[in-house]
Amino acid sequence: MSDHHPCQLYLISPLDTGGDFPQRLRQALEAGPVAAFQFRVKDALPEEAARLAEPLQAICAEFDVAFIVNDDVALAATLGADGVHLGQGDESLENARAVLGKDVQIGITCHDSRHLAMEAGEGGANYVAFGAFFPTDTKETTHRPDLDLVRWWAEMMEIPSVAIGGITPDNCQPLIDAGADFLAVCGAVWNDPAGPAAAVRHFADRMDGAAAG
């Protein structure tokens with residue numbers, strides 16, 4: 001697919017975003033191109049979530065990286081976030097769009113389902129996420145799509161796809177080749193023994209190679 005856009009990196013935060021995490025995010029964003037950063041926090045009160053999010057949102061703005069809130073439409077609205085990511089069990093796309101307006105990016109988890117992805121696209125989602133492609137420790141997964149799903153989506157649809165789940169610099173090439181628009185990564189970046197900057201550089205090398213090819 002010669003007209004396909006180059007694949008881009010979509011960072012997902014660990015659940016602990018306090019402490020020195022803002023500095024680690026800065027290191028990651030300085031190291032190479034990142035399209036988006038998804039802020040995840042579990043079981044925090046709204047005020048606490050906003051307090052954790054604000055320095056991260058400011059760093060993303062500095063690097064022109066889209067700041068996406070996971071699951072929480074109200075928090076996304078409070079922060080004026082660039083987007084929100086919704087799972088199948090979260091608030092409806094229609095409600096999120098009504099609250100956030102037409103300019104906010106809304107992404108939808110579609111697991112391994114063409115049907116869910118088509119529904120999301122028809123409902124006005126800005127991107128669809130497929131996964132988990134590989135085993136992952138980040139969250140419990142029951143769906144395991146194959147590369148044909150990514151290829152089919154890239155050929156049929158204009159809406160970008162995000163591949164997620166256990167993706168590393170070593171296993172990402174088939175997803176890039178299949179036409180994924182974004183690779184969503186968490187553990188491979190934040191748990192890299194050499195640090196997040198090294199991991200982002202490794203992903204950037206893979207994507208640059210694919211774009212050049």
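Up top is the structure these notes are about.
Residues numbered from 1 in each chain as written. Predicted model: local features only at pLDDT ≥ 70, side-chain atom pairs only at ≥ 80, totals over all residues. Heavy atoms only, no water.

## Things to note about the packing of helix 1 (residues 21-31) against helix 9 (residues 196-212)
Line of reasoning, step 1. The interhelical angle for the contact between helix 1 and helix 9, taken along N-to-C directions, is 30 degrees, at an axis separation of 8 Å. By the criterion of interaxial angle, the relationship of helix 1 to helix 9 is roughly parallel. Taken as a pair, helix 1 and helix 9 cross one another with a handedness that is right-handed. On helix 9, the residues that touch Arg-24, Gln-27, Ala-28 and Ala-31 of helix 1 are Pro-196, Ala-197, Val-200 and Arg-201.
Line of reasoning, step 2. When its residues are assigned to classes, the contact of helix 1 with helix 9 shows 5 nonpolar, 1 polar and 2 charged. (Axes fitted to C-alpha atoms, helices over the stretch in contact; angles between N-to-C directions. Helix = DSSP H or I, 4+ residues; strand = E, 2+ residues; numbered from the N terminus. Parallel < 35°, antiparallel > 145°, perpendicular 65-115°, else oblique. Left-handed = near helix turned anticlockwise from the far one by under 90°. Contact = heavy atoms within 4.5 Å. Nonpolar A, V, L, I, M, F, W, Y, C, P; charged D, E, K, R; others polar.)

## Focus on the sheet that holds strand 8 (residues 182-185)
Line of reasoning, step 1. The strand order 1-2-3-4-5-6-7-8 describes a closed barrel built from 8 strands, whose pairing is parallel. Pairwise comparison of adjacent strand axes, ignoring direction, gives a mean angle of 25 degrees for this sheet.
Line of reasoning, step 2. Of the pairings in the sheet, the one linking strand 1 (residues 8-12) to strand 8 comprises 4 bridges and is parallel in character. Among the inter-strand pairings, Tyr-10 is bridged to a residue of strand 8, identified as Ala-184.
Line of reasoning, step 3. Docked against the sheet, helix 4 (residues 93-100) engages strand 4 (83-86) and strand 5 (105-109), running at close to 165 degrees with respect to strand 5.
Line of reasoning, step 4. Strands in contact with helix 9 are strand 1 and strand 8; relative to strand 1, the strand with the most contacts, it is inclined by about 155 degrees. (Pairing = 2+ DSSP bridges.)

## Re the packing of aromatic side chains
Line of reasoning, step 1. This structure, assessed with the given rule, holds 7 aromatic pairs.
Line of reasoning, step 2. Taking 5.8 Å as the distance between ring centres and 75 degrees as the angle between the ring planes, the aromatic pair formed by Tyr-10 and Tyr-127 counts as edge-to-face. Of this pair, Tyr-10 sits in strand 1 while Tyr-127 sits in strand 6 (residues 127-131), placing them 117 residues apart in sequence.
Line of reasoning, step 3. Taking the centre distance of 6.1 Å and the plane angle of 35 degrees together, the rings of Phe-37 and Phe-67 count as tilted. (Phe/Tyr/Trp six-rings, centres within 6.5 Å; stacked < 30°, edge-to-face > 60°.)

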